[in-house]
Amino acid sequence: MDKTEIRHQWERISETYAQRRDPDGSDADLVEELLERLPPDPQVLDIGPGDGARTLANLPAGSIGVDISRRGLELATETVPDAVVIQGDMTHLPLLAGTVGGITAYHAVFHVPRTEHPTVYREFARVLRPGGWLLLTLPGSRFETIRENWMGGSMLFSAPGREATLNQLRDAGFGNVQTEIATDPLGSSTEFAFAQLK
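Procedures and definitions
Residues numbered from 1 in each chain as written. Predicted model: local features only at pLDDT ≥ 70, side-chain atom pairs only at ≥ 80, totals over all residues. Heavy atoms only, no water. Helix = DSSP H or I, 4+ residues; strand = E, 2+ residues; numbered from the N terminus. Rg over C-alpha atoms; globule rule 2.2 N^0.38 Å. Buried < 20%, exposed > 50% of the residue type's maximum accessible area, 1.4 Å probe, protein only. Contact = heavy atoms within 4.5 Å. Areas by Shrake-Rupley, 256 points an atom, 1.4 Å probe, with all protein chains shown as cover. Lys, Arg positive; Asp, Glu negative; His and termini not counted. Charge placed at Lys NZ, Arg CZ, Asp CG, Glu CD. Axes fitted to C-alpha atoms, helices over the stretch in contact; angles between N-to-C directions. Nonpolar A, V, L, I, M, F, W, Y, C, P; charged D, E, K, R; others polar. Polar contact = N/O pair within 3.5 Å; in protein donor to acceptor, adjacent residues only side chain to side chain. 1 Å grid on protein atoms, 1.4 Å probe; cavity = no way out; pocket = protein on both sides within 12 Å on 5 of 7 lines; lining within 4 Å. Points joined across faces, edges and corners; volume = space filled by probe spheres on them.

Participant: How should the overall build of the protein chain be read in this particular structure?
Facilitator: Scanning the protein chain from N- to C-terminus turns up five helices and nine strands. Order of helices (α) and strands (β) in the protein chain, N terminus to C terminus: α-α-β-β-α-β-β-α-β-β-β-α-β-β. Taking 2.2 N^0.38 as the reference for a compact globule, 198 residues should give roughly 16 Å; the C-alpha atoms of the protein chain span a radius of gyration of 15 Å, in line with that estimate. Considered along the principal axes of its C-alpha atoms, the protein chain spans approximately 40 × 35 × 30 Å. A burial count over the protein chain gives 53% of its 198 residues as buried. Here the contacts in the protein chain between residues at least 6 apart in sequence split such that 66% fall between residues at least 24 apart. For the protein chain, the exposed area adds up to about 8,700 Å²; of that, 48% sits on carbon and sulfur atoms. Averaging the coordinates of the 18 positive side-chain charges in the protein chain and doing the same for the 28 negative ones gives two points 6 Å apart.

This is how it looks when you write it as structure tokens:
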């Protein structure tokens, strides 16, 4: 599934996904932990915010949401009117280097082909300030599949596995990696990682 088709599918399913996922839960609580690690009044980038209820709404005013889906960003603007939203691709983030103090990437990176994940993590490192923190979902295993009839559409799920992901983060310049288990928007337990840019 190429990026054009992934974008098309997100346009198709954004509203259904927003309706089915729970805006509360322990993975939303991890945002508070992230903010405690950042300086006061940080600017935070939320990758793939969708409707914004899960992460963007819990970030400081003026935080940035980057999503491949225009419809997702329309929903995010309704949920978080003071956020800055930009349509873009996480492999080529439309931000200058050293722009943000923190990044959240919940259930987002695994919708990019796993061969491009190292590029994604390098982009995260590029736009983060030195010492900034990334909070992201860790894949529990290695997979590459297109799920048909997912949320009323089709979607790519792709990851190189947990250890490969941790190695890719280190190769991109992240260290001080700490992991936690939390419940995700659809009710499953998921591992998350905090990683600090060196």
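Now that the structure has been shown, we can carry on.
Participant: For this particular structure, what's the right way to read the packing of helix α1 (residues 3–20) against helix α3 (residues 70–79)?
Facilitator: Helices that pack against each other are described as a pair by the angle of their axes relative to one another and the distance between those axes. Here α1 crosses α3 at 35°, and the two axes come no closer than 7 Å. Here E11, S14, E15 and A18 of α1 lie close against α3, whose contacting residues are R70, R71, G72 and L75. Residue composition of the contact of α1 with α3, by class: two nonpolar, two polar and four charged.

Participant: Teacher, can you tell me more about the environment of K3 here?
Facilitator: Mapped onto the elements, K3 comes out in helix α1. On the accessibility criterion, K3 (28% relative accessible area) is partly exposed. Sequence separation between K3 and R129 is 126 residues, and the spatial gap between their C-alpha atoms is 28 Å. Those residues within four positions of K3 in sequence are excluded, and the remaining contacts are I68, D89, T91 and E116. Among the polar contacts made by the side chain of K3, one reaches the side chain of E116 at a distance of 3.2 Å.

Participant: In this structure, what is going on with empty space enclosed by the protein? I would like to understand it.
Facilitator: To find the voids left in a structure, one rolls a probe of water-molecule size over its atoms. The tally for this structure, following the rule as stated, stands at three cavities of 30 Å³ or more. As a volume, the largest cavity reaches approximately 370 Å³. Listed by contribution, the elements that provide at least two residues to the lining of the largest cavity are α1 and β2 (64–67). Sort the elements by how many residues they give to the lining of the largest cavity and α1 lands first, with five residues. Residue composition of the lining of the largest cavity, grouped by class: twelve nonpolar, nine polar and six charged. Lining of the second largest cavity is provided by A105, H107, A108, V109, F110, H117, Y121, L136, T137, P139 and A159. The set of elements that each furnish at least two residues to the lining of the second largest cavity consists of α4 (117–127) and β5 (128–138). For the lining of the second largest cavity, the class distribution of residues is eight nonpolar, three polar and no charged.

Participant: So what exactly am I meant to see when it comes to the environment of L135 here?
Facilitator: Inspection of the secondary structure puts L135 in strand β5. Along the chain, L135 and S188 lie 53 residues apart, while their C-alpha atoms are 18 Å from each other. Setting aside residues up to four positions removed in sequence, L135 forms contacts with L30, V31, L34, I103, T104, A105, Y106, F192, A193 and F194.

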